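Summary of the model geometry
Residues per chain are reported as follows:
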Amino acid sequence: MEENILEEASQEAESAENSRALYEVKMKYLGRTGKISLLLKKMKEIAQEERPAFGKKINDLREKLEAHFEKLEEKIKQKELEHKLKNERIDVTMPGKRKKEGVLHPVTRVKNELIDVFAGMGFEIYEGPEIESEYYNFTALNTPADHPARDMQDTFYVTDEFLLRTQTSAAQIRVMEKKKPPIKILSPGRVFRSDDDATHSPMFHQMEGLVVDKNITLCDLQGMLDEFARSVFSDSSKTRLRPSYFPFTEPSVEVDVSCASCGGKGCSLCKGTGWIEVLGAGMVNRRVLENCGVDPDEYSGFAFGMGVERIAMLKYGINNIKLLTENDVRFLEQFKD
């Protein structure tokens with residue numbers, strides 16, 4: 001019987017084509033429930049004086065099988081290694097496959113750059129909710145009840161009371177309600193307006209800045225904006241302030257930056273003026289401070305808001321805002337470092 005088992009096991013092992021098949025054959029004979037184990041269980045059926053001899057035969061058979069399987073395992077492993085090396089070898093004479101590197105979207109690049117610039121001036125980052133109440137988006141910012149911005153043709157309303165925010169300025173109200181001055185925050189995020197043409201999009205990114213402290217003046221605002229312009233556009237960039245109107249600031253200003261393309265001499269980009277409008281700003285309206293529980297006789301502040309897409313378009317010479325949302329790889333590849 002032992003010779004039959006040895007011959008049978010050898011034949012099955014020799015026919016195994018891979019390590020897995022050989023392992024299964026090995027377990028069939030040497031496993032916990034294999035044939036060798038079954039033979040050992042029969043010892044109790046054998047006479048007491050015959051058990052030593054029977055046990056020796058079984059152990060000799062086990063050792064022969066183990067040696068045989070070990071030899072075959074080494075042989076199969078070597079064969080599998082040769083097959084793997086043959087199939088996975090690299091022909092170094094073949095041309096390599098170039099992998100395209102991804103690049104950051106220009107809006108993301110400009111957003112990150114702006115955050116770095118203002119964080120370097122001590123601004124903290126605050127991101128408010130994209131669905132706002134009419135109170136935070138308009139009323140607390142001193143926007144009159146009959147202001148055109150509140151109309152449905154300009155604003156996306158979710159309900160009668162809630163809307164998709166039209167400006168990140170709503171964030172300054174939330175911060176001033178919870179935090180006492182001094183306050184210095186930057187609030188980036190998406191905003192939504194019912195507007196769509198070559199320079200406007202229904203969804204775009206805005207960045208709102210707010211500084212509130214004692215003795216804050218318009219000069220502080222322009223000094224900060226000068227640093228912003230030099231960091232984002234060019235070392236020679238200058239800013240100028242023009243009177244304007246926003247419900248939440250008084251006085252309000254439009255901020256222009258000297259054209260980086262022509263150095264302020266006048267070109268097609270700046271329409272011959274030497275200046276390009278980049279953002280709106282002003283001193284925080286007393287009513288806005290009062291709405292947030294801040295004493296306007298003790299504290300003053302300035303706020304500014306800019307469109308990230310507009311900065312990106314000016315910085316990279318993009319003439320149509322829709323290029324920023326089409327995700328054309330050919331367009332995006334132009335912004336590699």
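What you see is a predicted model; the values in this text were computed from it and never measured.

**Concerning a negative patch on the surface**
A cluster of acidic side chains, namely Glu63, Glu66, Glu70 and Glu74, defines a negative patch on the protein surface. Looking at where Glu74 falls in the secondary structure, it is placed in helix H4 (residues 51–88). Exposure remark for Glu74: the relative accessible area of 55% places this residue in the exposed category.

**Some details on the packing of aromatic side chains**
Under the definition given, this model contains nine aromatic pairs. Relative to Phe335, the ring of Tyr316 lies with its centre 5.0 Å away and its plane at 80°, an arrangement referred to as edge-to-face. With a gap of 19 residues between them, Tyr316 in helix H10 (residues 308–316) and Phe335 in the segment after helix H11 (329–332) connect regions that are remote in the sequence. Taken together through their ring pairs, the aromatic side chains of Phe118, Phe123, Phe228, Phe233 and Phe304 make up a single cluster. It is Arg174 that lies over the ring of Tyr136; its NZ or CZ is 4.1 Å from the centre.

**Section: unusual backbone geometry**
Apart from glycine, the bulk of residues carry a negative phi angle, and the bulk of peptide bonds sit in the trans form. The omega torsion across Pro181 and Pro182 is 5°, close enough to zero to call that bond cis. As for its position among the elements, Pro182 is in the loop between helix H7 (170–178) and strand E4 (183–192). The residue after Glu250, namely Pro251, is reached through a cis peptide bond having omega 0°. By secondary structure assignment, the location of Pro251 is in strand E7 (residues 249–258). Despite not being glycine, Asn327 has its phi angle at roughly 55°, a positive value. For Asn327, the position within the fold is in the loop between H10 and H11.

**Re the layout of surface pockets**
When its volume is computed, the largest pocket comes out at roughly 1,400 Å³. Surrounding the largest pocket, 50 residues form its lining, Arg193, His200, Glu277, Gly307 and Arg310 being those nearest its centre. Listing elements by their share of the lining of the largest pocket, those giving two or more residues are strand E5 (203–213), strand E6 (239–246), E7, strand E8 (275–284), strand E9 (300–307) and H10. When residues in the lining of the largest pocket are grouped by element, the largest group, seven residues, is from E8. Residues that form the lining of the largest pocket fall into these classes: 20 nonpolar, 18 polar and 12 charged.

**Regarding the nonpolar core**
Residues Leu114, Phe118, Phe228, Leu279, Phe304 and Met306 are the most contacted members of the largest nonpolar core, which totals 42 residues. Put simply, the parts of the chain that give this core at least two residues each are helix H5 (106–119), E5, helix H8 (218–232), E7, E8, E9, H10 and H11. Beyond its immediate stretch of four places on either side in the chain, Phe304 contacts Phe118, Phe123, Leu186, Met207, Glu208, Gly209, Leu221, Met224, Leu279, Gly280 and Ala281. Ranked by size, the runner-up nonpolar core spans 19 residues in total, among them Tyr136, Ala140, Phe248 and Cys292.

**Quick notes on the pattern of salt bridges**
Here the structure, examined in full by the defined rule, presents 14 salt bridges. A cluster of three or more residues bridged by salt bridges with shared partners is formed by Arg240, Arg242, Asp256 and Glu277.

**Describing the side chain of Ser169**
Along the chain, Ser169 turns up in the loop between strand E3 (162–164) and H7. Sequence-distant contacts of Ser169, defined by excluding residues within four places in its chain, comprise Leu141, Gln206, Glu208 and Phe248.

**Considering the sheet that holds E5**
One open sheet holds the seven strands; their spatial order is E1-E4-E5-E9-E8-E7-E6, and the pairing between them is mixed. Each edge of the open sheet carries a strand with a single partner, namely strand E1 (124–125) and E6. Sheet topology note: the E7/E8 ladder contains eight bridges and is antiparallel. Note that in E8 the partner of Thr249 across the bridge is Val284. Along the sheet, H7 makes contact with E4, E5, E8 and E9, crossing E4 at roughly 140°. Together, E5, E8 and E9 form the strand contacts of H10, whose direction differs from that of E8 by roughly 150°.

**Here we look at a nonpolar patch on the surface**
Side chains of Ile131, Val158 and Phe162 sit close together on the surface and give an oily, nonpolar patch of about 260 Å² of accessible area. Looking at where Phe162 falls in the secondary structure, it is placed in strand E3.

**A look at the side chain of Arg150**
As for its position among the elements, Arg150 is in the loop between helix H6 (134–137) and E3. A polar contact is formed between the side chain of Arg150 and the backbone oxygen of Pro144, at a distance of 2.9 Å. With sequence-adjacent residues up to four places away left out, Arg150 is seen in contact with Glu134, Phe138, Thr139, Thr143, Pro144, Ala145, Thr155 and Tyr157.

**What about the pairing of E4?**
Of all 10 residues making up E4, eight are buried, and the element is well covered by its neighbours. Strand direction decides the pairing type here: E1 and E4, joined by two bridges, are parallel. In the strand pairing of E4, Ile125 is matched with Leu186. Bridge count between E4 and E5: 10 bridges; the pairing is antiparallel. Opposite Lys184, over in E5, you have Val211 as the bridge partner.

**A word on the confidence of the model for the chain**
The predicted model of the chain has a mean per-residue pLDDT of 86, with 98% of residues at 70 or higher. Summarising per-element confidence for the chain, the mean pLDDT is lowest in helix H1 (residues 2–14) (72) and highest in E9 (95).

Definitions and cut-offs
- Residues numbered from 1 in each chain as written.
- Predicted model: local features only at pLDDT ≥ 70, side-chain atom pairs only at ≥ 80, totals over all residues.
- Heavy atoms only, no water.
- Patch = residues over 30% accessible without salt bridge, like charges linked within 9 Å, V, L, I, M, F, W, Y side chains within 5 Å.
- Areas by Shrake-Rupley, 256 points an atom, 1.4 Å probe, with all protein chains shown as cover.
- Salt bridge = Lys/Arg side-chain N within 4 Å of Asp/Glu carboxyl O.
- Lys, Arg positive; Asp, Glu negative; His and termini not counted.
- Charge placed at Lys NZ, Arg CZ, Asp CG, Glu CD.
- Helix = DSSP H or I, 4+ residues; strand = E, 2+ residues; numbered from the N terminus.
- Buried < 20%, exposed > 50% of the residue type's maximum accessible area, 1.4 Å probe, protein only.
- Phe/Tyr/Trp six-rings, centres within 6.5 Å; stacked < 30°, edge-to-face > 60°.
- Lys NZ or Arg CZ within 6 Å of the ring centre and 35° of its normal.
- 1 Å grid on protein atoms, 1.4 Å probe; cavity = no way out; pocket = protein on both sides within 12 Å on 5 of 7 lines; lining within 4 Å.
- Points joined across faces, edges and corners; volume = space filled by probe spheres on them.
- Nonpolar A, V, L, I, M, F, W, Y, C, P; charged D, E, K, R; others polar.
- Core = buried A, V, L, I, M, F, W, Y, C linked by side-chain atoms within 4.5 Å.
- Contact = heavy atoms within 4.5 Å.
- Pairing = 2+ DSSP bridges.
- Axes fitted to C-alpha atoms, helices over the stretch in contact; angles between N-to-C directions.
- Polar contact = N/O pair within 3.5 Å; in protein donor to acceptor, adjacent residues only side chain to side chain.
- pLDDT = per-residue confidence, 0-100.

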